[in-house]
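Survey of secondary and tertiary structure
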Amino acid sequence: CHSPGPANDATGYGPIFEEEPLDIVYTKESPDRLISMNCRARANPAPTYRWRRDNWEIKLMELPNEHYSLVGGNLIINNPEEKKHAGTYVCVAKNVYGTVISKEAKVKFGYLEEFPDEERDPVTVKEGQGAVLLCAPPKRWPTEVTFRWIYNEFPVFLHPDKRRFVSQSTGNLYISKVEASDAGNYSCYVFNPQIGKGVYSKFIPLISTEEKKRYKADLVVKFPDTTAMLNYNVTLECFALGNPAPHIVWRKIGATDLPASAQVSMSGALLHLYNVQYEDSAGYECEAINQKWQDWHQAWLYVEAAPEWAVTINNTQKDVGSEHTMSCVANGKPGPYIRWLKDGYSYGKGELKFSSLTFEDSGMYQCIAENYWGIIYASAELRVIACAPTFELNPVKKYLLGANNGRVVIECKPRAAPRPRFTWTKGKEVLFNNSRISIMFDGSLEILNATRNDEGVYTCLAENDRGKANSTGTLTITEATQITVAPEDTQVMVGEEVHLQCQASFDPSLDITFIWSLDFRVIDFYLEWKHYERIMDREDSGELKIMNVQLRHEGRYTCTAQTVVKGLPAPPGGVRVEEIRDTSVKLVWNRGADHGNPILGYTIQTRDVYALTEVDWRDPLMLNILLSDADVVDLYPWMEYEFRVYATNEFGDGGGRHPSMKIKTWDAGRDPAWGTIIIGCCKEMCPVQPQYFYGKKFGYVVAFKPHDDVDWWYETISDPETRRYVHRDSSFRVKSNDFQVREFQVKVKTFNSKGDGPYSLSTTIYYPRDVPSESPTDVYSRPVSSHEALVWWIPVMDTGTGLQQYIDGYQVKYWRKYDDTEPGANRIFVPASMNQTRLENMLPDSHYLIEVRAYNGAGVGPPSEHCEMFTKRAPPSVAPQMWRYISYSGKWLYVWWHHISYDWFGNESFPLYYKVMFRKTGYITGPIYMTGWHFIDFPMPQVGDYELEVRGRYEGGDGPIRKIRLQGKASFLRPTLSLAAMLLLALCIVGLGI
């Protein structure tokens, strides 16, 4: 089948995210001085990764970048700066089947400013009155902080009680009635748990005076209308001043009781609602009561929800030209907004409908549902295919049975796209629909009232615009199979044994088997052997024996007699694993029917979790007839496997039907070392494939040391998919007598929960002490066309050992002098062994600046002097007008075209000559002739169809093509230019314009 993939590989699939980036709050006090954002996708072939910040792509491939680096799919930001690196990031995973975008992750820089240095004014209050001490917290991010108050000295914190309350919304301290013991100095302490920092204010003196009076209850902390998210917790605050200290009561408006999840704390000041649901949405009231007065407050709690999928999308394969609809439904409050992405770009909203699919519709689609509370993504691949019919996966059954005077259906289900046309033949006779025989819509052949005359070889032919295929099967008509002794209703006591009879008459040329079912569920005799046994002491009998009858065995039992042609053996049943080891298992199965021919042996097949397709089974073991169990060896430790078994007789392999349950082998220590590829001062590894992890907690240990040192440095990497490790050591100081380049020895080993594997062979890398200090000289460029140019330079001296310079290559930048900015310049990286390159994708008739720098692992060196260059004008956009004439004898073809005039003040480049290609239709190439004239003649071809193309060659490159098609009978001969012939044509004929 043909699909948009480069190799049309049915086992490939587009990226599916397994790990996506999360929101990060970074603080300048972080000891690591880096931000790591994780991204991992599963795909075949493996995906490549890119990252975007605020919808702008991060150009990770441009060397060097002192801040950004890519480790596997993870983005590492070294020495983050708020102005450069705060923002919204997404990971983009791509392979040949499509592109997907991860959910958004925000990087924000956390901070907590200090309180002002100004002294706080004292608060004077009479005993018995209420008091409010204002916190006035400083600016901060994240805004979620905790507030506490210090009493007189640090770290003596005030403990809230019935009289004293600290609002976690404002930070203010409320004292319902002041007592003499409350006098003192108070400081507001603000702690941000996400950044691990706390600050406290200047002390606020609280001065109390003697005058004891009673004051009415006065609510000063009142919760506002609040919106909570479904399944989250919410806290409502309410606090009152007064003397005596008020008592606070909570109510849910319209209900007799608070919700079951509600809890009141802090002497009534806080109402906690845990795991809120939609039914918790209501008005809530707090009432403050004392002997002088009562005060109350009401506000509403609204419950909303983040999006959650109700209907999502799945990977789909559709025929080219067919209709298709993609839809997804999400629940949430407010109702989520649905939009779509295709290969990472906006593609529509609501429901996607395709009236006629094309190959361009193939790709990775993402349905996005979002509302105020969140956003969710669903990804799926749509693959549009066109496929010539094939019966490779589903051929017509080789041997077919039909009952005399019965209905026979021969299935024909090839894989094909678009839907094929079906034709059936019996032998050499083409079959057509009639009263007894009909070709069904799905291609199956139906025969009614079958007789012996219908026996024979039947062939299904399927054909579409991509090709055709056929498959053949042999139909045999036999006497109908009939139940002669049917099971009877039976009553039995629990724990007893019962036998149900079943006998059938059948054609002696066939093999028969009996299938029993309970309430339409087929009984598996291999899994339920403790209670069920099938007794087949006679060929025409399939008696059912039920042992130790239980109440669950009660029901309607059905006996089905099924006949098959003698031939291939039936699949073995009850395939199961009884013993599990690290690299082997013990496999057990029950023998299947031999269908009248002795079984010669069994084959065991294995499939691990990383098999690309469902038919990707391996054949590790062949057994003789006597065995019904075996040890399967040479398995991978810590790997998920399933097994199946098929039997073989003289007719061939019977095939496996039901695999065993999936099992995982035990873990084991790592044995093989894994090779590494070392590039520059960064170590890039070929990661170990998952089947070689051999256990849990798999990772790498990277060991490295300066070439002349004895002691190794070690770094542990816990991510099993890591390909690259960058080491930074602030304690390393370059000595004045060090070479420009230092040699390092590097080796890598793997480990898991069972232990370490051996180290790989050591590899030498070169660590440059500093960036190149010299710039390339004598940069020279020459335009080749309107879009290309060549550039040369004298290279920087490189000794290779680091006495002067050590470089990895050159960076060439080029941009338009007056129309582009230098940061947006095009860049090309050239190996150190080359001192020239070709510049592409330039604009015509433009003034360019070109700059060359040397670079190594430490960065780029100083720039060369700018080289200025003008690209050539573009060739004309219109092809030359062309005419043709065939001679009276039919042996010569004369072709001429307009000579293109040149405008010295126009935007088109100067014409140089013309190219004429004469080729046979269907061929890509043919002889090319170049001429400065605007005419040419050819011997007229006598056999076959030909095409003649003419295009101009200009300073700015090749112009557009003008083409004519010819039908003739002669072979192609070498053309000649004839000025006399063209003058004769100009005087005597009227040409036919093309």
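Sequence order as written defines residue numbering, which begins from 1 separately in each chain. Totals for whole chains, interfaces and linings use all residues, but because this is a predicted model, local features are given only for residues with pLDDT of at least 70 and pairs of side-chain atoms are given and counted only at 80 or more. Values reported for side chains reflect all heavy atoms of the structure, with hydrogen atoms and water molecules removed beforehand.

With an unreviewed UniProt entry as reference, the protein is termed Contactin 1, source organism Oncorhynchus kisutch. UniProt positions are given in the numbering used here, feature names are shortened, and annotations may be inferred rather than shown by experiment. Under the UniProt heading Sequence similarities (unreviewed entry), the note attached to the protein is "Belongs to the immunoglobulin superfamily. Contactin family." In UniProt, the protein has this text filed under Subcellular location (unreviewed entry): "Cell membrane".

Right, let's talk about the overall build of the protein for a bit. Within the protein, the regular secondary structure consists of 2 helices and 87 strands. At a minimum sequence separation of 6, the contacts of the protein that also span at least 24 residues come to 64%. For every accessible area listed, the method is Shrake-Rupley and the probe measures 1.4 Å; residues are considered covered only by the protein chains on display. Total accessible area computed for the protein in this model is approximately 53600 Å², and 51% of it derives from carbon and sulfur atoms. Helix and strand definitions follow DSSP, with helices as H or I runs of at least four residues and strands as E runs of at least two, each counted in order from the N terminus. Contacts are assigned to residue pairs that have any heavy atoms within 4.5 Å of one another.

For the rest of this paragraph, the subject is the state of the cysteines. Formally, a disulfide is one covalent bond, and it connects the sulfur atom of one cysteine to the sulfur atom of another. Two cysteine sulfur atoms make up a disulfide if the distance between them is within 2.5 Å. Within this structure, the stated rule accounts for 6 disulfides. There is a disulfide in this structure between C135 and C188, and the S-S distance comes to 2.0 Å. The S-S bond linking C135 to C188 shows a torsion near -75 degrees; that makes this disulfide left-handed. Residue C135 is located in the loop between β14 (131-133) and β15 (140-141), and its partner C188 is located in strand β19 (residues 184-192); the two are separated by 53 residues in the primary sequence. The pair formed by C135 and C188 is uniform in burial state, with each residue classed as buried. Two residues, C502 and C559, share a disulfide whose sulfurs are 1.9 Å apart. The chirality of the disulfide connecting C502 with C559 is left-handed, given an S-S dihedral of about -80 degrees. Here C502, found in the loop between β49 (498-500) and β50 (503-505), pairs with C559, found in strand β55 (residues 557-565); they are 57 residues apart in sequence, far enough to count as distant. Pair check on accessibility: C502 and C559 agree, each one buried. Whether a residue is buried, partly exposed or exposed follows from its accessible area with a 1.4 Å probe, protein chains only, as a fraction of its type maximum: under 20%, in between, or over 50%, in that order.

With that settled, the discussion passes to the packing of aromatic side chains. For this analysis, a ring pair means two rings from Phe, Tyr or Trp (six-membered ring only for Trp) whose centres lie within 6.5 Å, classed as stacked if their planes differ by under 30 degrees, edge-to-face if by over 60, and tilted for the remaining angles. Under the criterion given, the structure shown has 23 aromatic pairs. These aromatic residues form a ring-pair network of at least three members: F165, Y174 and F239. Cation placement over rings: the criterion is NZ of Lys or CZ of Arg within 6 Å of the ring centroid and within 35° of the ring normal. Its guanidinium or amino end placed over the ring of F441, R419 lies 4.0 Å from that ring's centre, counting from NZ or CZ. A cation over a ring is seen here: K705 above W712, with NZ or CZ 5.2 Å from the ring centre.

The next point concerns the sheet that holds strand β72 (residues 777-783). Here a strand pair is declared whenever DSSP counts at least two bridges between the two strands. Read from one edge to the other, the open sheet built from 3 strands follows the order β72-β73-β76, with strand pairing classed as antiparallel. Every other strand in the sheet has two partners, leaving β72 and β76 (836-839) as the edge strands with one partner each. Between one strand axis and the next, the sheet turns through 20 degrees on average, direction left out of account. Axis definition: a line fit to C-alpha positions, over the contact stretch in the case of helices; interaxial angles, taken between N-to-C directions, run 0 to 180 degrees.

This part takes up the side chain of Q745. With respect to the helices, strands and loops of the structure, Q745 is situated in strand β69 (residues 741-752). If sequence neighbours within four positions are ignored, Q745 has contacts with A703, F704, K705, H707, W712, S762, T763 and T764.

A separate point is the environment of G957. On the secondary structure map, G957 appears in strand β86 (residues 957-969). A relative accessible area of 7% means that G957 is categorised as buried. Linking G957 and E788, residues 169 residues apart in sequence, is a C-alpha distance of 9.4 Å. Other than its neighbours up to four places away in sequence, G957 contacts S785, P875 and G952.

Now for the sheet that holds strand β18 (residues 173-175). Judged by pairing direction, the sheet is antiparallel, and its 3 strands sit side by side in the order β14-β18-β17 without closing on themselves. The open sheet has two edge strands with one neighbour each: β14 and β17 (164-166). Taken over all neighbouring pairs, the strand axes of this sheet differ in orientation by 15 degrees on average, direction set aside. As paired elements, β17 and β18 share 3 bridges and run antiparallel to each other. Considered in β18, the bridge of F165 is made with Y174.

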